[in-house]
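# Remarks on the overall topology
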Amino acid sequence: MAENLFYFLVFPGLLFAGVVGGLLSWFDRKVTAWVQFRRGPVLMQPFYDFLKLLLVKETIVPARGSVLTFLSAPVLALSGASISAALILLPAFGITSGFRGDIIVIFYLLTIPSISYVTGALASGNPLASVGASREIKLLIGFELTLLLIFATVIMKSGMNISLYEIIAYQQQNGALIGSLSGVLLFIPLIFCIQAKLGMVPFDIAEAETELSGGAFIEYSGPPYAMIKFTKYIMLFVLPALAVVLLLGGLSLTGTSILWSVLKILAVVLLLTLIRNTNPRLKVGQAMRFFFIWMNALVLIAIILTYSGL
Amino acid sequence: MSIKSLCLQKSLWLFHFGGASCNNCDIEILDCLTPRFDVERYGMLLVGSPRHADVILVNGSINKRARSRLLEVYEQTAKPCLVVAIGACGCTGGIFAEGDTFAGPVDKIIPVDAYIPGCPPKPEAILAGIVKLVQAKFG
Ligand code: SF4
């Protein structure tokens, strides 16, 4: 029990994932600044932002809205993100949770933050927030099928293992899954799914700073918004870690391979940042078509290739 | 310096309220975000919702219609928040001060923490004003 709490709250759950995710979000902002020939923020910036929201700012609750739902949504989002962080990072660091079939649970856990954003936005009673929420749901419908197909193909490629630990063990014996043609084909939609899950440009449709001015999060202030920020930091670490675990051969905490693991995560985040900086925002219909037709087609080709052993 | 004021000072999020401005001040404010001036290195970000804001930048003359909006935006902002009046219009009313629809300079409507005069003030002046405000508020 105590051990599980430690896994959930400290390492590799809430605290560890949040701090690493905060550093990654600094990396993301710094690279963005470099791309635009700016200096960019200081290393501690994500933590200043988080602590300012948590300690200094007041919490405003909407007058016409459901206060309980509004305030519990960020808590739900944060707990969903930290449980999935624990479930993904434990096997990634080579600690087996002894839990077969965790990959399916992870798939569901990863949608909890998005769903909570939607509930929180709808509970706030703000019209802009509800437009943001409806866009978030549409986006979710768009990429969720692709993500599920990617998971299924990964399971198929690693000899029908439905435990993350065994998928990593398989890759350590037979080489990373991205080493094959179908692996490369899977990596492309996976990156776009992560991009959409993180709500980064070109899929920042729900947040839409320019026309929805914050979209789903428009009414949040103070500590609840700090929780949303922290959830976003965790997701920024957990989703690239998931990509590394599923296709790039996993992470490791021993000797020089630490460096190699860090580089893998940084490379995935760098890729996400560069996509975010070189693309305009899509309309929600375009985004759905992008996933339904093109990304699903890629995954289907990958499935066929996997059957023929490529 | 306490951790609270350190964090607030290092992460000021700006909300831009344009009154009946001639648009020059708006452009100069946006200039502060460009690569040459880059306020993000001080941790400042332009946010779209007053709920997220720590600083309200008000520019342009405030006329009778804008007055109630300005009050509402100020009340919607999560406290503590600072108010900066930018440009001659924001500080005193400037060339619009004697207009029919003019409803008073910003400090008649909401408390103002810093004034940045100029028509329009240069981005350097805006940055200098905000740095002085931070120094005065947080030592
Ligand atoms: S201060 Fe000058 S530049 Fe700024 S809004 Fe007023 S008239 Fe325009």
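Provided above is the structure to which this section pertains.
Criteria and cut-off values
- Residues numbered from 1 in each chain as written.
- Chains lettered and ligands numbered in written order.
- Predicted model: local features only at pLDDT ≥ 70, side-chain atom pairs only at ≥ 80, totals over all residues.
- Heavy atoms only, no water.
- Near = heavy atom within 4 Å.
- Helix = DSSP H or I, 4+ residues; strand = E, 2+ residues; numbered from the N terminus.
- Nonpolar A, V, L, I, M, F, W, Y, C, P; charged D, E, K, R; others polar.
- Contact = heavy atoms within 4.5 Å.
- Buried area = accessible area lost by both parts, 1.4 Å probe.
- Salt bridge = Lys/Arg side-chain N within 4 Å of Asp/Glu carboxyl O.
- Polar contact = N/O pair within 3.5 Å; in protein donor to acceptor, adjacent residues only side chain to side chain.
- Pairing = 2+ DSSP bridges.
- Axes fitted to C-alpha atoms, helices over the stretch in contact; angles between N-to-C directions.
- Expected span 1.5 Å × (residues − 1).
- Buried < 20%, exposed > 50% of the residue type's maximum accessible area, 1.4 Å probe, protein only.
- 1 Å grid on protein atoms, 1.4 Å probe; cavity = no way out; pocket = protein on both sides within 12 Å on 5 of 7 lines; lining within 4 Å.
- Points joined across faces, edges and corners; volume = space filled by probe spheres on them.
- Left-handed = near helix turned anticlockwise from the far one by under 90°.
- Patch = residues over 30% accessible without salt bridge, like charges linked within 9 Å, V, L, I, M, F, W, Y side chains within 5 Å.
- Areas by Shrake-Rupley, 256 points an atom, 1.4 Å probe, with all protein chains shown as cover.
- Phe/Tyr/Trp six-rings, centres within 6.5 Å; stacked < 30°, edge-to-face > 60°.

A few words now on the site of the ligand. Residue and element names in this part refer to chain B. Residues in close proximity to the ligand include S21, C22, N24, C25, G87, A88, C89, G118, C119 and P120, which together make up its full environment. If you list the elements that add at least two residues to the shell around the ligand, you get α2 (24–31) and α4 (87–91). A per-element tally of the shell around the ligand places α4 first, with three residues. Residues belonging to the shell around the ligand are distributed by class as follows: six nonpolar, four polar and no charged.

What follows concerns the interface of chain B and chain A. Of the residues lining the interface, 28 residues belong to chain B; the matching set on chain A comes to 28 residues. Contact between chain B and chain A buries roughly 2400 Å² in total, counting both sides, with carbon and sulfur atoms accounting for 57%. Connecting chain B to chain A are six salt bridges. A salt bridge links B:D38 to A:R38, with the shortest nitrogen-to-oxygen separation between them at 3.0 Å. At the junction of chain B with chain A, the criterion picks out 18 residue pairs in polar contact (both at pLDDT 80 or more). At six residues, the largest contribution of residues to the side of chain B that touches chain A is made by helix α1 (residues 3–10) of chain B.

Bringing the sheet that holds strand β2 (residues 45–46) of chain B into the picture now. Strands pair in a sheet through their backbones, by hydrogen bonds, and they do so in one of two ways: parallel or antiparallel. Residue and element names in this part refer to chain B. Taken together, five strands build an open sheet; the order of strands is β2-β1-β3-β4-β5 and the sheet is parallel. Bordering the open sheet on either side are β2 and β5 (114–116), each of which pairs with just one other strand. As paired strands, strand β3 (residues 55–59) and strand β4 (residues 82–86) are joined by five bridges and run parallel to one another. Of the residues in β4, the one forming a bridge with V58 is A85. Across the sheet, α2 touches β1 (13–18), β2, β3 and β4, and the angle it forms with β3 is around 145 degrees. Across the sheet, helix α3 (residues 64–76) is in contact with β1, β3 and β4; its angle to β1 comes to roughly 165 degrees.

Before going further, it helps to spend a moment on helix α8 (residues 181–197) of chain A. Helical geometry: 3.6 residues make up each α-helical turn, so side chains three or four residues apart lie on a common side. Over its 17 residues, α8(A) extends 25 Å from the first C-alpha to the last, a length consistent with the 24 Å expected when each residue adds 1.5 Å. Judged by how many residues are buried, α8(A) sits mostly within the fold: 14 of 17 residues are covered.

On a regular strand, each side chain points to the face opposite its neighbour's, so the side chains alternate between the two faces of the sheet. All names here are of chain B. Counting buried positions along β4 gives five out of five residues, so the element sits mostly inside the fold. Burial along β4 is two-sided: the face carrying L82, V84 and I86 and the face carrying V83 and A85 are both buried. Relative to β5, β4 runs parallel, the two being bridged by three bridges. In the strand pairing of β5, I86 is matched with I116.

All names here are of chain B. Going through the model one piece at a time under the given rule, you end up with one cavity of 30 Å³ or more. Taken as a whole, the largest cavity holds about 40 Å³ of empty space. For the largest cavity, the full set of lining residues is L14, I29, C32, L33, V39, L57, I126 and I130. Its residues assigned to classes, the lining of the largest cavity comprises eight nonpolar, no polar and no charged.

Now for the packing of helix α6 (residues 127–157) of chain A against α8(A). All names here are of chain A. Contact pair α6 / α8: the axes reach a minimum separation of 10 Å and the direction vectors enclose 145 degrees. Every pair of crossing elements has a handedness; the one defined by α6 and α8 is left-handed. Contacts between α6 and α8 pair L139, F143, E144, T146, L147, I150, T153, V154 and K157 from the former with S182, G183, L186, P189, L190, C193, A196 and K197 from the latter. Taken together, the residues of the contact of α6 with α8 break down into ten nonpolar, four polar and three charged.

We now examine a nonpolar patch on the surface. Residue and element names in this part refer to chain A. A cluster of nonpolar residues, M1, L5, F6, L9, V10, L15, V19, L23, V42, L43 and M44, forms a patch on the protein surface that exposes about 970 Å² of accessible area. Elements represented by at least two residues in the nonpolar patch include exactly α1 (2–9) and α2 (14–35). Mapped onto the elements of the fold, L43 is located in the loop between α2 and α3 (45–56). Look at L43 and you get partly exposed, because its relative accessible area is 44%.

Cis geometry is adopted by the peptide bond preceding A:P12, which originates at A:F11 and carries an omega value of 0 degrees. Note that A:P12 resides in the loop between α1 and α2. A cis amide bond links B:C119 with the next residue in sequence, B:P120, at an omega value of -5 degrees. Along the chain, B:P120 turns up in the loop between β5 and α6 (123–138). Despite not being glycine, A:F37 has its phi angle at roughly 60 degrees, a positive value. By secondary structure assignment, the location of A:F37 is in the loop between α2 and α3.

With that settled, the discussion passes to the packing of aromatic side chains. Residues and elements named next belong to chain A. Taken as a whole, this structure holds 17 aromatic pairs over all chains when the rule is applied. Plain terms: the ring middles of F107 and Y108 are 5.6 Å apart, the flat faces sit at 80 degrees to each other, and that makes the pair edge-to-face. For Y108, a relative accessible area of 56% gives the class exposed. Each ring, one from F203 and one from F291, has its centre 5.2 Å from the other, and the planes form 40 degrees; the classification is tilted. Here F203 is found in the loop between α8 and α9 (222–247), whereas its partner F291 is found in helix α11 (residues 284–307), with 88 residues between them in sequence.

Note that every value here comes from positions in space, so none of it alone points to a role or purpose.
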